[in-house]
Amino acid sequence: MDDCIFCKIVAGEIPSRTVYEDDDVFAFLDVNPLAEGHTLVIPKGHHETIEDLPADVATSLFAAVHELTPAVEDAVDADGSTVAFNNGEAAGQEVPHVHCHIVPRFEGDGNGPIHALFGGPGEMEDDQLDAVAERIKQY
Ligand code: 5GP
Ligand code: ZN
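Residues numbered from 1 in each chain as written. Chains lettered and ligands numbered in written order. Predicted model: local features only at pLDDT ≥ 70, side-chain atom pairs only at ≥ 80, totals over all residues. Heavy atoms only, no water.

**Topic: the packing of aromatic side chains**
So, step 1. The final tally for this structure, using the stated rule, is 2 aromatic pairs.
So, step 2. Each ring, one from Phe6 and one from Phe28, has its centre 5.4 Å from the other, and the planes form 80°; the classification is edge-to-face. Residue Phe6 is found in helix α1 (residues 5-10), and its partner Phe28 is found in strand β2 (residues 25-29); the two are separated by 22 residues along the sequence.
So, step 3. Judged by relative accessible area, Phe28 falls into the buried class, the value being 3%.
So, step 4. Taking the centre distance of 6.0 Å and the plane angle of 50° together, the rings of Phe26 and Phe28 count as tilted.
So, step 5. According to the relative accessible area criterion, Phe26 is buried, its value standing at 4%.
So, step 6. Members of the aromatic cluster, connected to one another through ring pairs, are Phe6, Phe26 and Phe28. (Phe/Tyr/Trp six-rings, centres within 6.5 Å; stacked < 30°, edge-to-face > 60°. Helix = DSSP H or I, 4+ residues; strand = E, 2+ residues; numbered from the N terminus. Buried < 20%, exposed > 50% of the residue type's maximum accessible area, 1.4 Å probe, protein only.)

Right under this line is the structure:
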């Protein structure tokens, strides 16, 4: 995509601190890191969200995330990491080219789990849980 910033990074038109590359996947440091070592893992082709990814590219993407997560943690001596996608505009995705964030985490960093995005654990009636589980299974 001509006006996509991440496509331009893959093409080398915008410089990046590249940390990994294979046939399908490209990874580089986030320019505004949430923690030292914050890395973005992207498909080389332009796909906006997870559901747009062809299955083989999704497999390659997760294989790269699997390899890179320990590499990122080791590079900054992290105690763990938050590995996440902002998937779609409603979820806060700003760059419409699917990307996985690997953000190193440290004991006592105070940033909380993904649950903190929603203010804590949710509650739902059993029949609602059953119904949504069924819809997901049917899909
Ligand atoms: P999103 O909010 O879409 O999930 O995250 C986009 C991420 O891309 C942000 O964390 C932002 O700092 C990063 N980003 C945006 N533009 C650039 C860029 O030109 N270079 C790099 N390395 N990261 C970028
Ligand atoms: Zn793109």
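Structure shown, so let's carry the discussion forward.
**Looking at the sheet that holds strand β5 (residues 100-105)**
So, step 1. With antiparallel pairing, 5 strands are arranged side by side in an open sheet as β1-β2-β3-β5-β4. In this open sheet, the two strands that pair with only one neighbour each are β1 (18-21) and β4 (80-84). When the angles between neighbouring strand axes are averaged without regard to direction, this sheet yields 20°.
So, step 2. In this sheet, β5 lies alongside β4 in antiparallel orientation, the contact comprising 5 bridges. Its bridge partner being in β5, Ala84 is matched across the sheet by His101.
So, step 3. Lying on the sheet, helix α2 (residues 55-75) is in contact with β1, β2, β3 (39-43), β4 and β5; it crosses β3 at an angle near 165°. (Pairing = 2+ DSSP bridges. Axes fitted to C-alpha atoms, helices over the stretch in contact; angles between N-to-C directions. Contact = heavy atoms within 4.5 Å.)

**Describing the nonpolar core**
Soluble, globular proteins show a tendency: their nonpolar side chains are buried together.
So, step 1. In terms of nonpolar packing, the biggest core is built from 14 residues, with Tyr20, Val25, Val41, Ala64, Leu68 and Ile102 touching the most fellow members.
So, step 2. Elements represented by at least two residues in this core include exactly β2, α2 and β5.
So, step 3. For this core, the element with the most residues is α2, which contributes 6 residues.
So, step 4. Membership of the second largest hydrophobic core comes to 9 residues, among which are Phe6, Leu40, Ile42 and Val95. (Core = buried A, V, L, I, M, F, W, Y, C linked by side-chain atoms within 4.5 Å.)

**Concerning a nonpolar patch on the surface**
So, step 1. Among the surface-exposed residues, Ile114, Leu117 and Phe118 lie close enough to one another that they form a single nonpolar patch of about 400 Å² accessible area.
So, step 2. Note that Leu117 resides in the loop between β5 and α3 (126-138). (Patch = residues over 30% accessible without salt bridge, like charges linked within 9 Å, V, L, I, M, F, W, Y side chains within 5 Å. Areas by Shrake-Rupley, 256 points an atom, 1.4 Å probe, with all protein chains shown as cover. Salt bridge = Lys/Arg side-chain N within 4 Å of Asp/Glu carboxyl O.)

**As for the environment of Pro43**
So, step 1. With respect to the helices and strands, Pro43 occurs in strand β3.
So, step 2. In sequence terms Pro43 and Asp24 are 19 residues apart; their C-alpha atoms lie 5.7 Å from each other.

**Focus: the coordination of the zinc ion (ligand 2)**
So, step 1. Protein ligation of the zinc ion (ligand 2) involves Cys4 (SG), Cys7 (SG), His46 (ND1) and His97 (ND1), the donor distances falling in the range 2.0 to 2.3 Å.
So, step 2. In this structure, the zinc ion (ligand 2) is surrounded by 4 donor atoms whose angles at the metal cover 107 to 116°, and the resulting shape is tetrahedral.
So, step 3. Mapped onto the polypeptide sequence, the residues donating to the zinc ion (ligand 2) form the spacing pattern C-x2-C-x38-H-x50-H. Of the two residues, Cys7 is situated in helix α1 and His46 in the loop between β3 and α2; the sequence distance between them amounts to 39 residues.
So, step 4. A residue is classified by how much of its surface remains accessible, and Cys7, at 12% relative accessible area, is buried.
So, step 5. The exposure class assigned to His46 is partly exposed, which follows from its relative accessible area of 25%. (Donors = N, O, S within 2.8 Å, 3.2 Å for Na, K, Ca; no water. Tetrahedral: all angles 85-135°; square planar, octahedral: opposite > 155°, others 65-115°.)

Remember, this is a structural readout, not a statement about activity or role.
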